[in-house]
Amino acid sequence: MSYRKRTAALASATALAGSAVLMAAPVARAEVVDVNYQCKTPIGDKSAVSPIDIKGVRGGNGYRITMSWQKGVSSSPVELGKGAMTPSATIALGGADSGTLSVTGPANDAAIPANTPIKISDLSGTYTPKKSGEVTFTAAVLTIKALGTTTTCTPTNDPGPSLTLDVEAAGGGATTGAAQGGGSRPGTGAGLPRTGPEDSAVALGTLGGTVLLAGAAGALWLTRRHQGARAGR
């Protein structure tokens, strides 16, 4: 094989290797989704729209899932003193899994004035996948307990998932659903942490870039070596 052909082949192999690394990057997609809650309260029905953010961080055999509200929902006709209100919620699972995940959080750390939207603290829970594959996390029912009463808020606008993860079950598990490269999806190496949308893609993208740079350096070295050999003849 001629020198030029060898150099072209090396460059092509390097590009393909970099592309393969990038395509194999685990995908995690997260987005803030507006959820239209219809709340059943002790004094009647109320509604409110709040953007919901759900994030996941891998730890051990599971994932720590955190649900955040960017706006308050419902309200109380009387002031709720510090520690008087306790929230909890469920997250609907889809894709490779089904059912719901319960998330909980602390009581309010400050008084909530009367007739003011109730700001929900971050709620979290641990999700342990039974199978490897792509799982979606969608806001479901919110429950607010305060002063001996219970308010239940249900989404009415069929919100889409706030988070999609490619999860890996302990021991590998059976794979369900289509695996994708990128974000927070297909199961990756056992030691890699799984976070929100960017971390895995950035890490694998960096690795892919390293492969490309290494290949380019190799091609340059061969070119200089060939030129030196010709000059010495």
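See the structure printed just above.
A few points on the structure. (Residues numbered from 1 in each chain as written. Predicted model: local features only at pLDDT ≥ 70, side-chain atom pairs only at ≥ 80, totals over all residues. Heavy atoms only, no water.)

1. A look at the pairing of strand β10 (residues 163–167)
Stage number 1. Taking burial as the measure, the 5 residues of β10 include 5 buried ones, the bulk of the element.
Stage number 2. With 5 bridges joining them, strand β8 (residues 132–146) and β10 adopt antiparallel strand pairing. By the bridge assignment for β10, Glu 134 is matched with Asp 166. (Buried < 20%, exposed > 50% of the residue type's maximum accessible area, 1.4 Å probe, protein only. Helix = DSSP H or I, 4+ residues; strand = E, 2+ residues; numbered from the N terminus. Pairing = 2+ DSSP bridges.)

2. Observations regarding the state of the cysteines
Stage number 1. A complete count under the given rule lists 1 disulfide for this structure.
Stage number 2. Paired by a disulfide, Cys 39 and Cys 153 hold their sulfur atoms 2.1 Å apart. Taking the torsion about the S-S bond as the criterion, the Cys 39 to Cys 153 disulfide, at about 110 degrees, is right-handed. Taken together, the residues span a long stretch of sequence, with Cys 39 in strand β2 (residues 33–41) and Cys 153 in strand β9 (residues 149–155) at a distance of 114 residues.
Stage number 3. Of the residues examined, Cys 39 reaches a relative accessible area of 0% and is grouped as buried. (Disulfide = S-S within 2.5 Å.)

3. Section: the side chain of Thr 136
Stage number 1. Tracing the backbone shows Thr 136 in strand β8.
Stage number 2. Excluding residues within four positions of it along the chain, Thr 136 makes contact with Ala 92, Leu 93, Gly 94, Gly 95, Pro 161, Leu 163 and Thr 164. (Contact = heavy atoms within 4.5 Å.)

4. Section: the packing of aromatic side chains
Stage number 1. Within this structure, the stated rule accounts for 1 aromatic pair.
Stage number 2. Centroid distance Tyr 127 to Phe 137: 5.3 Å. Interplanar angle 85 degrees. Geometry classified as edge-to-face. Within this pair, whereas Tyr 127 is found in strand β7 (residues 123–127), its partner Phe 137 is found in strand β8, the two being separated by 10 residues in sequence. (Phe/Tyr/Trp six-rings, centres within 6.5 Å; stacked < 30°, edge-to-face > 60°.)

5. Here's the deal with the nonpolar core
Stage number 1. One finds Tyr 37, Ile 65, Met 67, Trp 69, Tyr 127, Phe 137 and Leu 142 to be the most contacted residues of the largest nonpolar core, which totals 34 residues.
Stage number 2. Top element by residues in this core is β8. It accounts for 6 residues. (Core = buried A, V, L, I, M, F, W, Y, C linked by side-chain atoms within 4.5 Å.)

6. A word on the pattern of salt bridges
Stage number 1. All told, the structure shown has 3 salt bridges when counted by the stated rule.
Stage number 2. Between Asp 45 and Lys 40 there is a salt bridge; the shortest N-O distance is 3.1 Å.
Stage number 3. Between Lys 55 and Asp 53 there is a salt bridge; the shortest N-O distance is 2.3 Å.
Stage number 4. Given the relative accessible area of 12%, Asp 53 is considered buried. (Salt bridge = Lys/Arg side-chain N within 4 Å of Asp/Glu carboxyl O.)

7. Concerning the side chain of Ser 74
Stage number 1. Among the secondary structure elements, Ser 74 is positioned in the loop between β4 (62–69) and β5 (85–95).
Stage number 2. Setting aside chain neighbours within four positions, we find Ser 74 in contact with Cys 39, Thr 41, Lys 46, Ala 48, Thr 116, Pro 117, Ile 118 and Thr 151.

8. As for the pairing of β2
Regular strands place side chains that alternate from one sheet face to the opposite one.
Stage number 1. The two faces of β2 differ: Val 33, Val 35, Tyr 37, Cys 39 and Thr 41 on one face are buried, but Asp 34, Asn 36, Gln 38 and Lys 40 on the other face are not.
Stage number 2. Sheet analysis places β2 next to strand β3 (residues 44–59), joined by 9 bridges and oriented antiparallel. Across the sheet, the residue bridging to Gln 38 is Ser 47, located in β3.
Stage number 3. Linking β2 to β3, which pair antiparallel, is a turn of 2 residues.

That is the geometry; function is a separate question.
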